[in-house]
Amino acid sequence: MDKQRRILERGTVAVDNGKITSVEKTGEVKGKHKAERVIDARGRIVLPGLICSHTHLYGMLLRGAHLDIDPPTDFSQILQRVWWPMDEAMTTSDAYASALIGCLDFLKTGTTCFADTYSGPNSIHLSLDYIAKAVRQVGIRGILAYEATERHSPEEGVKGIEENVRFIEKVGKEREKKVKGMFSIHASFTVSDQLMKSVRQLADKYETSVTIHASEGLGDLYHNIEKYGKRTVKRLHDVGVLGPDVVLAHCVQLNDDEIDIVRKTGAKVAHNPMSNMLNAVGVAPILKMLKEGIRVGLGNDGYIFDGFENIRTTFLLHKVHHRDPRVMDLQTVLEMATIKGAELYGLEKEIGSLEAGKRADIIVIKPDVLPTPLTPQSVLGHLVNTVDGGDVQTVIVDGEILMENRKVLSVNEEGVNAIAQRAAEKLWERLGVIKPHVEYPRGSSNIIMFDQGKV
Ligand SMILES: [Zn+2]
């Protein structure tokens, strides 16, 4: 993923002090470096860690839940009947538990950096500290935000923004390397123009990114047309919130005029194909955006955390949507999951490729089943069509080995699973969903559930 998009057959990546110091052909590198540690990756694929441009770690706690509700018929009802009751039941301990299991899933499937938006109207204050604690324990990178919304009241919006300001100042003071803060606005149909203007001013002041769900379902579009007489992206533009530091999630319902606004303002787009399919909202006009030079990254929106599944879905979805197998190529989807994701959050000088000078975020992949030879010509095809997250053997973030030969070194996996399952069980009970009976693994765990307020 360097500028020339080179594929090295028999290459060597040298790492020192958390940074990549060289990427060369193995023959050229011999004798140049004295390594304390050598990882033999012969027969394997070495790739920059994947970047998830949009997620909700708390979505993990709803996996497999049997909801006793009338099946939602559209995206607005999915929010009303599923996500909003759930986020209202969330505690900061749940935020911690979901972040632990979400980060573990990311680590085990090769994602080394993600942008998360947390929502929990009854657990706003300190929520980002709880999530950050989990991110640090697992050891990958996280860009974290609380989702400001005025769903219940304007005060709720203020509290959400305040949590972001508090967290951005805190991580700034502590000069965090792996955890960053940003601002998040839920969506234009749950916030006022005033809230968006406030966030714009604060993002300028703190020089951080802003993320907004934009035109995901038709409800967002119709709300803006009926109440403001304009389409969603036009309203965001007229309010003045758009700019190169803005990441718009979804952008499913955009027309050509709105795509033009996104391009002109330099705003970026996080594409979440699997979530869009799950919620049946439609197919985002990604090909048009790419043609216009808009930067598009890949997100999971809290649904499937394996980046390779999201890569494969993106590869397939646009082909069938346009009934043309030529429209989405291997290179483009892999870029969306790596270097483009870094560009979305202004991190392209730090991560997203294997190049000297960048942070050492590296994954080593060994396909479990390899039906055809692995060559420089076939490697992209294998990455998109053969590999899944379970083939990721070793993960390095900032030069630190977090998983080696599929053994997670940073946290106790059983402990993390137990914490998440306990939190989900209690959450489901609060939601009046089901009464699960699960035996939890007991024994040593290097993670201790802590009381609220002690972060
Ligand atoms: Zn989302």
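Scroll up to find the structure.
Each value, and the rule that gives it
Residues numbered from 1 in each chain as written. Predicted model: local features only at pLDDT ≥ 70, side-chain atom pairs only at ≥ 80, totals over all residues. Heavy atoms only, no water. Donors = N, O, S within 2.8 Å, 3.2 Å for Na, K, Ca; no water. Tetrahedral: all angles 85-135°; square planar, octahedral: opposite > 155°, others 65-115°. Buried < 20%, exposed > 50% of the residue type's maximum accessible area, 1.4 Å probe, protein only. Helix = DSSP H or I, 4+ residues; strand = E, 2+ residues; numbered from the N terminus. Arc of directions from axis to C-beta. Contact = heavy atoms within 4.5 Å. Phe/Tyr/Trp six-rings, centres within 6.5 Å; stacked < 30°, edge-to-face > 60°. Lys NZ or Arg CZ within 6 Å of the ring centre and 35° of its normal. Pairing = 2+ DSSP bridges. Right-handed = clockwise from strand over helix to strand, strands pointing away.

S.K.: Before we move on, can you summarise the coordination of the zinc ion with the specific residues and values?
M.R.: Each protein donor to the zinc ion is listed here as H54 (NE2), H56 (NE2), H213 (NE2) and D301 (OD); together their distances run 1.9 to 2.1 Å. For the zinc ion, the four donor atoms in the first shell make angles of 91 to 156° at the metal, a pattern classed as irregular.

S.K.: So what's going on with helix 7 (residues 218–228)? Residues and values would help.
M.R.: Residues of helix 7 that are buried include every one of D220, L221 and N224, and no others. All buried residues of helix 7 project into a common sector of 100° when viewed along the axis, lining one side. Residues of helix 7 that are exposed and point more than 90 degrees away from the buried face comprise E226 and K227. On its buried face, helix 7 is in contact with strand 8 (183–187), strand 9 (210–214) and helix 8 (232–239). Taken from the residues just after helix 7, G229 is the one with a positive phi, measuring 70°.

S.K.: Provide a residue-level description of the packing of aromatic side chains, including the pertinent values.
M.R.: Under the criterion given, the structure shown has six aromatic pairs. Here F183 and Y206 contribute two aromatic rings whose centre-to-centre distance is 6.5 Å and whose plane-to-plane angle is 45°, an arrangement assigned as tilted. Remark: Y206 occurs in helix 6 (residues 193–206) and F183 occurs in strand 8; sequence separation between them is 23 residues. Here the two residues F183 and Y206 agree in accessibility, since each one is buried. When the ring centre of Y228 is taken as reference, the NZ or CZ atom of R235 above it lies at 3.8 Å. K319 extends its terminal NZ or CZ atom over the ring of F315, reaching a point 4.2 Å from the ring centre.

S.K.: Could you give an account of the pairing of strand 8, with specific residues and numbers?
M.R.: In terms of burial, strand 8 is a largely internal element, five of the five residues being buried. Examined bridge by bridge, strand 6 (residues 141–148) and strand 8 share two bridges and lie parallel to one another. The residue of strand 8 that forms the bridge with E147 is S184. Taken together, the four bridges between strand 8 and strand 9 define a ladder with parallel strand orientation. Its bridge partner being in strand 9, I185 is matched across the sheet by I212. For the crossover that starts at strand 8, traverses helix 6 and ends in the parallel strand 9, the hand is right-handed.

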